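What follows is the residue order along each chain.
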Amino acid sequence: MEVGIKGKKERVVPYEQTAEYISSGLLPVFATPCMIQFMEETARVSVEPFLNEGQSTVGTSVNIKHLASTFVGCKVTCESELIEIDRRRLVFNVKVYDDKELLGEGVHERFIIDNAKFIARLDVKKQEMGL
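Residues numbered from 1 in each chain as written. Predicted model: local features only at pLDDT ≥ 70, side-chain atom pairs only at ≥ 80, totals over all residues. Heavy atoms only, no water.

A few points about unusual backbone geometry
At S23, a position not held by glycine, the phi torsion is positive, near 70°. For S23, the location among the structural elements is in the loop between α1 (19–22) and α2 (32–47). (Helix = DSSP H or I, 4+ residues; strand = E, 2+ residues; numbered from the N terminus.)

Observations concerning the sheet that holds strand β4 (residues 89–97)
Reading across the sheet, the 5 strands line up as β1-β3-β4-β5-β2 and stay open at both edges, with antiparallel pairing between neighbours. The open sheet has two edge strands with one neighbour each: β1 (6–12) and β2 (55–66). Between one strand and the next, the sheet's axes are offset by a mean angle of 25°, whatever the strand orientation. Alignment of strand β3 (residues 75–86) against β4, held across 9 bridges, turns out to be antiparallel. By the bridge assignment for β4, S80 is matched with V94. Sheet strands touched by helix α3 (residues 115–128): β2 and β5 (102–114). Its angle to β5, the strand with the most contacts, is close to 85°. (Pairing = 2+ DSSP bridges. Axes fitted to C-alpha atoms, helices over the stretch in contact; angles between N-to-C directions. Contact = heavy atoms within 4.5 Å.)

Regarding the nonpolar core
The biggest cluster of nonpolar side chains holds 22 residues, and the ones touching the most others in it are F30, V76, F92 and V96. Contributions of two or more residues to this core are made by α2, β3, β4 and β5. Per-element tally for this core: the top contributor is α2, with 6 residues. Excluding its chain neighbours within four sequence positions, the residues that come into contact with V96 are F30, M35, F38, M39, V76, T77, C78, L102, L103 and G104. (Core = buried A, V, L, I, M, F, W, Y, C linked by side-chain atoms within 4.5 Å. Buried < 20%, exposed > 50% of the residue type's maximum accessible area, 1.4 Å probe, protein only.)

Describing the pairing of β4
Turn length for the β3-β4 hairpin, with the two strands adjacent in sequence and antiparallel, is 2 residues, and the turn residue R87 shows positive phi of about 55°. Sheet topology note: the β4/β5 ladder contains 9 bridges and is antiparallel. Within the sheet, the bridge partner assigned to K95 lies in β5 and is E105. Hairpin connection of β4 to β5: 4 residues between the antiparallel strands.

Overview of the state of the cysteines
Where two cysteines share a covalent bond between their sulfur atoms, that bond is called a disulfide. All told, the structure shown has 0 disulfides when counted by the stated rule. C34 forms no disulfide, and the closest cysteine sulfur to it belongs to C78, at a distance of 13 Å. In this structure C34 comes out as buried when scored by relative accessible area, which is 11%. Looking at C74, it has no disulfide partner, and the nearest cysteine sulfur is the one in C78, 14 Å off. (Disulfide = S-S within 2.5 Å.)

Let's talk about the side chain of R110
For R110, the location among the structural elements is in strand β5. One polar contact links R110 to E40, side chain to side chain, over a distance of 3.3 Å. Of the polar contacts made by the side chain of R110, one reaches the side chain of T57; its length is 2.8 Å. Excluding its chain neighbours within four sequence positions, the residues that come into contact with R110 are E40, A43, R44, T57, V58, G59, T60, R88, R89, L90 and F92. (Polar contact = N/O pair within 3.5 Å; in protein donor to acceptor, adjacent residues only side chain to side chain.)

Details of α3
Here α3 is 14 residues long and its end C-alpha atoms lie 20 Å apart, about the 20 Å a rise of 1.5 Å per residue gives. Measuring from the side-chain oxygen of the N-cap residue of α3 to the backbone nitrogen of A116 gives 3.2 Å; that N-cap residue is D114. G130, located one to two residues past α3, shows a positive phi value of around 75°. (Expected span 1.5 Å × (residues − 1).)

If you want it as structure tokens, here you go:
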């Protein structure tokens, strides 16, 4: 895996991804949490082909600015670029825009994990909590 890996995804904003629907606001506009999910997904998918079998990545940090609103039915595009690798830590620049303007941008961090070890730690936690 090398710095410079780019990702790009497009989608049409459904009502279920509006601030009104998810209760993060009162208006039927593309919700900030949904924009962040789109950014995380785009970054995640961009590096998956470079991971070893049994590995994946988990999001650990987002520093995002939501700059403009868009509406249900609008096509939005997300672009990610891997800008830093520090052992298992991956840092991405991410941007989301519609056909008119930049909607959001920022930095997203993910960590490479071993799926089996990650789940094993969760199983121990579950047992310790009596669940």
